[in-house]
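Chain by chain, the residues run as shown.
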Amino acid sequence: MNVLQIAEQIGKVNPIVCVPAGDNPDMCFLGSFAYSSILGKILDIDEAPQFARYSTNMVVASEIIGSVPTRNYSVDDVREAVRSKVKSSTSEKDICDIYEILTKRQAYGNGSYPNVDCVENDLRCEGDPQLPPIGTRVGRGPNWPFTSQNSGMSGTVVGYRDDHFNLLVEWDTSMVFPYHFDKYGDHQKSNVVVCDVPRVLQTEKIAVGCLVKRGPDWKWFDQDGGKDNIGTVYRVKGDNIVFVRWTNGIKSNYRFGYDGKYDVILCDPFDETVKRTLGNQQNVWRLDDSQKVVLKNGSKCNENGRNTTTNVTKTVKRDYQTNNESVPDSEEKNEFLDKVGENTSTNQNTGDVSKELDNSNSSDDLSSWEWKNKEGNWVSFPYSEKVKIQKAYDRNNKGTVLVRINEDIYRVVLSKMIQINISSRESQEIRHLS
């Protein structure tokens, strides 16, 4: 095996960076060496001192990845996350390096989950009823040796393997890794366990782990098992096509903004009707309170849930010739807020946010939620919107929620204490006075 073959083997999971030195370096050889690896590159000699901080910046990126949206984020988002979580000084060059690491985060996975377009392949074939189905939410298990690999987040089962690490999990950071799940019931041996922690969006339109149901443009008969049944997104393509696994075992791809059409819409995972629907559906890994363990964030995880029915998975493939263009925001607003006409009170826009919440168990003083207008003055939110914000804050102080101010719809991002106008994308500060 020659040196380039060795480099190719190493480069499958590690970037190779070359710094030319001497009077006449062989740039052709160095290029072949570096570019045979993932994220390989050649640096000028004056860039070497900054690259020496690469390992430090990798650690910082792993610490803040859960605070940065998986899509549509900027250097400013990264800078804010670093300042809020990292106490040590970080230069602007470090910020740019961390941003680059996060934008290429999938390359730092272990390569066990190729991003294929087909609805079903060997990785997604549900052949073992003792393993949790595609779309099941999971968290760290009792046997977790991977330090902060999940960045403190929950994840979604997206595939399977035929070895000891038999489950593929996509964490809410969008990183995918394989883990061991003991299918014989000894979950003290499992790296991950089934949990009921919902996917909470930040600025994304939709993401893996989100709950969906029929939308205004549904035309697929009872593929979902019947009207109002709920499925789970296990893959997102181009921000306008989603792959969904329904609890009847059928998996298929659907339009979510493609060509302005919505076969499916988002469900509010905190809505009581949604919870009841999920509980009534078949082939669900049911969670028994006596079998749950409390996670760090206070949510509960299943220690020994067992599916007593055999998963029979059917797949229906549709080929949409998609591009990566999203539906314009105005269309998004019309589709979700004008057509659907359902209540939304959390991070996922499933309907008409003008439908106010009448009941609230909020414990804080609602008058303390304010937003800053263009004149720089702090204005109190309408009472109904304070209720929504407080309920979302009580559930997850890093989540998001839709609110209405006059005729405008805003997404409140609690992790950043801002609200973003859905139509104009302008942002304004908010604050919570205690």
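Computed from a predicted model, the values in this text were never measured in an experiment.

Procedures and definitions
Residues numbered from 1 in each chain as written. Predicted model: local features only at pLDDT ≥ 70, side-chain atom pairs only at ≥ 80, totals over all residues. Heavy atoms only, no water. Phe/Tyr/Trp six-rings, centres within 6.5 Å; stacked < 30°, edge-to-face > 60°. Buried < 20%, exposed > 50% of the residue type's maximum accessible area, 1.4 Å probe, protein only. Lys NZ or Arg CZ within 6 Å of the ring centre and 35° of its normal. Pairing = 2+ DSSP bridges. Helix = DSSP H or I, 4+ residues; strand = E, 2+ residues; numbered from the N terminus. Axes fitted to C-alpha atoms, helices over the stretch in contact; angles between N-to-C directions. Salt bridge = Lys/Arg side-chain N within 4 Å of Asp/Glu carboxyl O.

(A) Geometry of the packing of aromatic side chains. Summed over the entire model, instances satisfying the criterion amount to 14 aromatic pairs. Ring centres 5.8 Å apart and planes at 75 degrees place the aromatic pair Trp-246 and Tyr-254 in the edge-to-face group. Both residues of the pair, Trp-246 and Tyr-254, belong to the buried class. Through pairs of rings, three or more aromatic residues link up here, namely Trp-144, Phe-146, Trp-171 and Tyr-179. One cation-aromatic arrangement involves Arg-395 over Phe-270; the distance from NZ or CZ to the ring centre is 4.2 Å.

(B) Highlighting the sheet that holds strand E7 (residues 192-194). Strand order in the open sheet formed by five strands is E6-E5-E4-E3-E7, with antiparallel pairing between adjacent strands. Among the strands making up the open sheet, the edge pair consists of strand E6 (176-179) and E7. Along the sheet, successive strands turn relative to each other by an average axial angle of 45 degrees, direction set aside. As judged from the four bridges shared by strand E5 (residues 167-171) and E6, these two strands associate in the antiparallel manner. Bridge assignment links Glu-170 to a residue of E6, and that residue is Val-176.

(C) Fine view of the pattern of salt bridges. Under the criterion given, the structure shown has 19 salt bridges. Among the ionic pairs, Arg-214 bridges to Asp-222, the shortest N-O distance being 2.6 Å. One salt-bridge network, in which partners are shared between bridges, spans Arg-137, Asp-172, Arg-199 and Glu-204.

(D) Up close: the pairing of strand E9 (residues 231-237). In terms of burial, E9 is a largely internal element, six of the seven residues being buried. Sheet analysis places strand E8 (residues 211-214) next to E9, joined by two bridges and oriented antiparallel. Looking at E9, one finds that Val-212 is bridged to Gly-231. One ladder, built from six bridges, connects E9 with strand E10 (residues 241-246); its direction is antiparallel.

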